[in-house]
Structure formats: structure tokens, C-alpha cells
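# Summary of structural features
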There are 2 protein chains.
Amino acid sequence: MKELVSRCPIEEVMQVLGGRWPTLLIYYLQDGTKRFSDLRRDNPTISHKMLALELRKLEEVGIVQRTEFGGYPLRVEYDLTPAGQRLVPLIDALGDWWDDVAGANEESRPAGTERAAMS
Amino acid sequence: MKELVSRCPIEEVMQVLGGRWPTLLIYYLQDGTKRFSDLRRDNPTISHKMLALELRKLEEVGIVQRTEFGGYPLRVEYDLTPAGQRLVPLIDALGDWWDDVAGANEESRPAGTERAAMS
DNA sequence: TCATGGTTACAAAAAGGTGCGTAATTTACC
DNA sequence: GGTAAATTACGCACCTTTTTGTAACCATGA
């Protein structure tokens, strides 16, 4: 039973942004409007179900805007809301921080674990 | 043990900071040096297993410094490393962002503002 | 028949909790 | 004097809960 609505905003953010996909989806949505299938192409390892779930979650908390166009095949577009866009630099800052830390760690770590930058 | 080598720093940060505990522990460690039992007191709902696991993880990535003092009963102290301290304002910024979003969501939301439909 | 954006059911995997064991020394007790 | 309990920071095994993956199904216009 989880009825613990946390007293801490940070705990709440992490409930939304933690996990593997949310920040990635936000990252890809920076480029502009994306459709369901676009996002799957951007991130081929996410399952159909997860993508639907995560998008719904992001929509519910107001990070993502879902726009449904009539007609068939159904067409749906996803964008970052203004709130979502305000989030982007914060996430980027975390990425930069991590690069810093990882860079420092690499000096004392055996080779073999390399990372490549995203395009 | 699984070694997920991701292409994206953000994905990696989230693997470390995502989840329920890491940010909370960092939050409490802002106050200064803490011992294992202090952290359990700060956060009574974490199990000793989880606390140990999370602390080790944070130590491994260089956010937390673990200092073991000899003697018995064993005594261990935890602090934020400089990198960990640099992380704090970033986490705080996320918290502020969330307060913003949550505040906006709670406020009046007249029907019809959200769903956009085009034909 | 295919494509799009879903949903649902079932299965597998990961995360998390509980409780016991451990170490070396002090203190508490018979 | 000898023994037992308590202390601190975990590790480990076992079990439950939560999350995620897989695959199948839906609607329908072209």
C-alpha cells in the first residue's frame, strides 16, 4: 500500500523523472513535435507499451502536450509544454554535472567502460 | 551485476539519481556528516538493506564519501563529496520547477484549455 | 491488407522488505 | 570470574511487490 504522498517536492519530481525513459523522451521532444512512431524510432529499445505509458504520465503532470488529429490511421502529435521546456535546461545541467563527475572518475578507473556522445 | 552502458549522460544520471532514495539521502547529507543510523533516523521508512545499497551506489559514483573509523562497534561516517555538493543546487532547481508545475496544475483549470483538436 | 496509436493479459525481471548472522569490544549480570 | 547482551554497519537468503516486456487485439480509411 502506498499512500505516502511525499512531503518533499524532490521526491515527487523523481517519481516522475526518475526511471529510464522520461528524460530521454523529453530530450527527443526538444527537437519539436514528434509522433508516437517518431519517438519509437528515436529510441528503438523502448517497448510500445512503455512509450504509451510514459507519454501518458508526462502528459498528466503537464510536461507533454498531446494533440490528437482525427482520421485514420489515427494521428497524434506530442510536444513539450512550456513547463516541459523550462525543464530542459535543468536536465541538461544534470547531464553536464555527470560528465564532470564521470570525467573525474575515469582517471582512476580501468579502461573498458567508454561512453559515446549523442548526436 | 548489470552494466548498462548508455549513450546518453542524462540516462546515466537518472540511473543513479532516479528512484526514491538517492535525492533524499543527498538532501539529508547537506546538513553535514551523517552516520548510518542518523540517516535511518532521518528517513525511517528506508530499510537497512536499501540504505546500505544506496549509500554504496552513491559512493561508487563519487557523490558520497564514506569514512570508516576502526574500533568496535564499527563507526562509519558519510559526507557529500565536492561533486555531491555541486549537485545539490541542481536538485533544488528541480524541486522548485516542480513546485511551479504542481502549483499551476492545482490552480483553476477551466475546462477546455487543455485538449487541442485540429481537423 | 496495412498502418497508426493504442489497450489488455500474461510472463519475466527488477526492486524492495524482513529477519538472521557477524565482527570486537564494552557493559551488565550471576 | 565467567558469561551474556548490546552496540554499529552492514551481508545474505528468502519472499513479496512493482515494473517492464511480449504478444495479441482493436478500430478504420486507403
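The structure contained in this document is the topic of the report that follows. (Residues numbered from 1 in each chain as written. Chains lettered and ligands numbered in written order. Predicted model: local features only at pLDDT ≥ 70, side-chain atom pairs only at ≥ 80, totals over all residues. Heavy atoms only, no water.)

### Notes on the relation of the copies chain B and chain A
Between the two chain copies there is a screw-like relation: a rotation about an axis and a shift along it. We count it as follows: The copies are overlaid by a least-squares fit using only the C-alpha atoms of residues whose pLDDT is at least 70 in both copies. Should any heavy atoms of two residues lie within 4.5 Å, those residues are considered in contact.
Note on the identical chains: chain B maps onto chain A by a rotation of 179° and an axial translation of 0.0 Å, with an RMSD of 0.2 Å. On this basis, the relationship between the two copies can be described by a two-fold rotation axis. Residue G18 of chain B of chain B places its C-alpha closer to the rotation axis than any other residue of that unit, at 1.9 Å. Of the residues that chain B buries at the interface, 91% are likewise interface residues in chain A, meaning the two copies contact each other through the same surface.

### Section: the interface of chain B and chain A
Just so we agree on the cut-off: Salt bridges, as used here, are contacts in which a Lys or Arg side-chain nitrogen is within 4 Å of a carboxyl oxygen on Asp or Glu. For this analysis, a polar contact is any N or O atom pair within 3.5 Å, provided that within protein one partner can donate a hydrogen and the other can accept it, and provided that sequence-adjacent residues contribute only side-chain to side-chain pairs. Only runs of H or I of at least four residues qualify as helices and only runs of E of at least two qualify as strands under DSSP, and these elements are numbered from the N terminus. Gly is put with the polar residues, along with every residue not named as nonpolar or charged; the nonpolar set is Ala, Val, Leu, Ile, Met, Phe, Trp, Tyr, Cys and Pro, and the charged set is Asp, Glu, Lys and Arg.
Across the boundary between the two partners, chain B contributes 45 residues, which contact 50 residues of chain A. Across the contact surface, chain B and chain A share 4 salt bridges. Between R20 of chain B and E11 of chain A there is a salt bridge; the shortest N-O distance is 3.3 Å. In this assembly, chain B and chain A are joined by 8 residue pairs in polar contact (both at pLDDT 80 or more). Elements represented by at least two residues in the side of chain B that touches chain A include exactly α1 (9-17), α2 (22-29), α5 (82-106) and β4 (116-118) of chain B. With 15 residues, α5 of chain B is the largest single contributor of residues to the side of chain B that touches chain A. The class makeup of the residues in the side of chain B that touches chain A is 25 nonpolar, 8 polar and 12 charged.

### Some thoughts on the protein's contact with DNA strand C
Selection criterion: Each residue is tested against the molecule or strand, and it is near if at least one of its non-hydrogen atoms lies within 4 Å.
Every one of the 18 residues lining DNA strand C counts as a neighbour, but H48, R56, R66 and Y78 of chain A together with K49 of chain B are closest to it. Put simply, 57% of the atoms of DNA strand C that lie within 4 Å of the protein are in sugar or phosphate. Separating a base oxygen of DNA strand C from a side-chain N or O atom of H48 of chain B is a distance of 2.9 Å. Every element with two or more residues in the surface near DNA strand C is listed here: α3 (36-42), α4 (48-60) and β3 (75-80) of chain A together with α4 (48-60) of chain B. Grouping the amino acids of the surface near DNA strand C by side-chain chemistry returns 7 nonpolar, 5 polar and 6 charged.

### Focus on the side chain of T23 of chain B
This is how it is decided: Accessible area is worked out with a 1.4 Å probe on protein chains only. A residue is then buried under 20% of its type maximum, exposed over 50%, and partly exposed in between.
Within the secondary structure, T23 of chain B is located in helix α2. In this structure T23 of chain B comes out as buried when scored by relative accessible area, which is 1%. Those residues in contact with T23 of chain B, other than ones at most four positions away along the chain, are I10 and M14 of chain A together with L17 and I91 of chain B.

### Examining the nonpolar core
Condition: Joining through side-chain atoms within 4.5 Å is the link that ties buried Ala, Val, Leu, Ile, Met, Phe, Trp, Tyr and Cys residues into a set, and such a set is a nonpolar core.
Counting residues in each nonpolar core, the largest one holds 63 residues, and the members touching the most others are L17, I26 and I63 of chain A together with L17, I26 and I63 of chain B. No other element matches helix α5 (residues 82-106) of chain A, which puts 9 residues into this core. Not counting residues within four places of it along the chain, the set of residues in contact with I26 of chain B comprises L17, L58, I63, L80, L87, V88 and I91 of chain B.

### Topic: the protein's contact with DNA strand D
Taken together, 16 residues are adjacent to DNA strand D, and K49 and M50 of chain A together with R56, R66 and Y78 of chain B come closest. When the atoms of DNA strand D within 4 Å of the protein are sorted by group, sugar and phosphate make up 69%. For DNA strand D, a phosphate oxygen lies 2.6 Å from a polar atom in the side chain of R56 of chain B. Every element with two or more residues in the surface near DNA strand D is listed here: α4 of chain A together with α3 (36-42), α4 and β3 (75-80) of chain B. Ranked by residue count, the leading element in the surface near DNA strand D is α4 of chain B, at 4 residues. Looking at the surface near DNA strand D, its residues break down into 8 nonpolar, 3 polar and 5 charged.

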